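Observations on the model geometry
Residue-level listing of the chains:
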Amino acid sequence: MPRTHDADPGAVAAAFAGAALGAGLVLLGGRAMLSRQAAVARRRIGKPLGEEALDADRIWARRFDGEPVELVVLGDSIAAGLGVERRKDTLGARLAKGLARKLGRPVRLRTAAIVGAESSVLAEQVDGLPAGYAPDAAVIVVGGNDITHRVPVPTSIAHLEDAILRLRARGAVVVVGTCPDLGALRPVPQPLRALGSRLSRQLADAQADAASRCGARPVSLRRAVGPFFVTQPDEMFSLDRFHPSALGYRRTAEALLPALLAELASVGAGQD
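Keep in mind that this is a model prediction, so the values were computed, not measured.

**Thoughts on the overall build of the protein chain**
Looking only at helices and strands, the protein chain features 12 helices and 6 strands. The burial tally for the protein chain puts 56% of its 272 residues in the buried class. By sequence separation, contacts in the protein chain at least 24 residues apart represent 82% of the contacts at least 6 residues apart. Entry remark: accessible area of the protein chain is about 11,600 Å², with carbon and sulfur atoms responsible for 50%.

Written as structure tokens, this is what we have:
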């Protein structure tokens with residue numbers, strides 16, 4: 001079944017415009033300018049990738065002995081891996097393969113992420129896990145859609161904290177990839193892009209604080225991979241110039257993997 005939740009990449013500029021107007025950041029004539037920029041971005045982005053990510057759920061690296069390490073990935077279209085043509089290039093598969101190589105164990109991937117999800121949908125994703133499922137590790141990447149739909153930061157954070165605590169209660173270590181820098185989205189004209197960058201940074205900082213408070217490990221995707229998306233957009237973005245390419249997902253997985261390994265080592269998980 002498609003993992004979608006009303007995804008609309010083209011809404012990003014319109015949402016930035018609304019946020020700017022609501023915050024009093026534009027003067028007379030600004031509304032018309034921002035509306036024009038929103039229309040430009042919607043035309044540029046469109047939906048060439050559709051709304052369904054590839055299904056990468058399986059046991060990866062079966063060549064290794066031992067019981068599989070259980071990995072679950074939650075969040076939005078980045079977590080789901082939208083934008084690649086091979087399932088091995090999705091974020092979840094990249095993380096599973098990386099874990100398997102480092103631990104010398106197979107890894108069973110479960111993807112609960114939904115394309116288009118906001119932080120509020122994390123509860124639905126956790127609810128959808130089998131009752132007896134006890135993941136060793138969970139990775140959450142969410143936030144971009146909260147910005148585009150103008151969800152208040154405290155509301156987003158409350159949903160994130162609830163998901164972290166519920167996953168930890170199942171025995172998982174949790175890593176949170178904080179909201180990417182939306183200022184890297186070249187199809188969004190200025191000044192909307194600069195506004196998106198500021199809003200996404202605010203949410204990312206709040207997510208990092210929340211993750212630490214709840215016993216999860218935050219990873220700043222803006223700092224770790226953001227510069228690659230800014231300086232190498234043709235290589236790092238997929239066809240829609242909104243979602244990561246295979247290389248973009250590889251870089252993102254490489255940024256998350258050390259934190260994941262450190263958290264597993266701290267509790268002795270994944271060891272024979």
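**Overview of the sheet that holds strand S6 (residues 217-219)**
Spatial ordering of the open sheet is given by S1-S3-S2-S4-S5-S6, a layout of 6 strands whose pairing is mixed. A strand with exactly one partner marks an edge of an open sheet, and here the two such strands are strand S1 (59-60) and S6.

**So, the environment of Gly 183**
Relative to the helices and strands, Gly 183 resides in the loop between strand S5 (173-177) and helix H8 (192-213). On a C-alpha basis, the gap between Gly 183 and Ser 200 in space is 8.2 Å, while along the polypeptide they are 17 residues apart. If we skip the residues at most four places from it in the chain, Gly 183 touches Arg 193, Gly 196 and Ser 197.

**So, the packing of aromatic side chains**
According to the stated counting rule, one finds 0 aromatic pairs in the structure shown. When the ring centre of Trp 60 is taken as reference, the NZ or CZ atom of Arg 58 above it lies at 4.3 Å. In this arrangement the basic side chain of Arg 110 is found over the ring face of Tyr 133, its NZ or CZ atom lying 4.5 Å from the centre.

**Regarding the environment of Glu 235**
With respect to the element layout, Glu 235 can be found in helix H11 (residues 233-236). Residues Glu 235 and Ala 246, spaced 11 residues apart in sequence, show a C-alpha to C-alpha distance of 8.7 Å. Sequence-distant contacts of Glu 235, defined by excluding residues within four places in its chain, comprise Ser 245 and Leu 247.

**Focus: the pattern of salt bridges**
Side-chain pairs of opposite charge can arise where the charged atoms are in close proximity. Scanning the entire structure with this criterion turns up 8 salt bridges. For Arg 166, the salt bridge identified is with Asp 162, shortest N-O distance 3.9 Å. Of this pair, Arg 166 and Asp 162 both sit in helix H7 (residues 153-169), separated by 4 residues, roughly a single helical turn. We classify Asp 162 as partly exposed; its relative accessible area is 37%. Note that Glu 254 and Arg 250 form a salt bridge whose closest N and O atoms lie 3.4 Å from each other. Of the two residues, Glu 254 and Arg 250 both sit in helix H12 (residues 246-267), 4 residues apart, roughly one turn of that helix. You can call Glu 254 partly exposed: its relative accessible area is 41%. Several salt bridges converge on common partners, so that one network encompasses Arg 86, Asp 89 and Arg 94.

**Let's talk about the packing of helix H4 (residues 91-103) against H12**
The packing of two helices is summarised by the inter-axis angle and the distance between the axes. Two elements in contact, H4 and H12, have axes whose closest approach is 8 Å; the angle formed by their N-to-C orientations is 45 degrees. The angle between H4 and H12 places the two elements in the oblique class. Between H4 and H12 the crossing geometry is right-handed. Across the interface between the two elements, Leu 91, Arg 94, Leu 95, Gly 98, Leu 99, Lys 102 and Leu 103 of H4 pack against Ala 246, Tyr 249, Arg 250, Thr 252, Ala 253, Leu 256, Leu 257, Leu 260, Leu 261 and Leu 264 of H12.

Calculation criteria
- Residues numbered from 1 in each chain as written.
- Predicted model: local features only at pLDDT ≥ 70, side-chain atom pairs only at ≥ 80, totals over all residues.
- Heavy atoms only, no water.
- Helix = DSSP H or I, 4+ residues; strand = E, 2+ residues; numbered from the N terminus.
- Buried < 20%, exposed > 50% of the residue type's maximum accessible area, 1.4 Å probe, protein only.
- Contact = heavy atoms within 4.5 Å.
- Areas by Shrake-Rupley, 256 points an atom, 1.4 Å probe, with all protein chains shown as cover.
- Pairing = 2+ DSSP bridges.
- Phe/Tyr/Trp six-rings, centres within 6.5 Å; stacked < 30°, edge-to-face > 60°.
- Lys NZ or Arg CZ within 6 Å of the ring centre and 35° of its normal.
- Salt bridge = Lys/Arg side-chain N within 4 Å of Asp/Glu carboxyl O.
- Axes fitted to C-alpha atoms, helices over the stretch in contact; angles between N-to-C directions.
- Parallel < 35°, antiparallel > 145°, perpendicular 65-115°, else oblique.
- Left-handed = near helix turned anticlockwise from the far one by under 90°.

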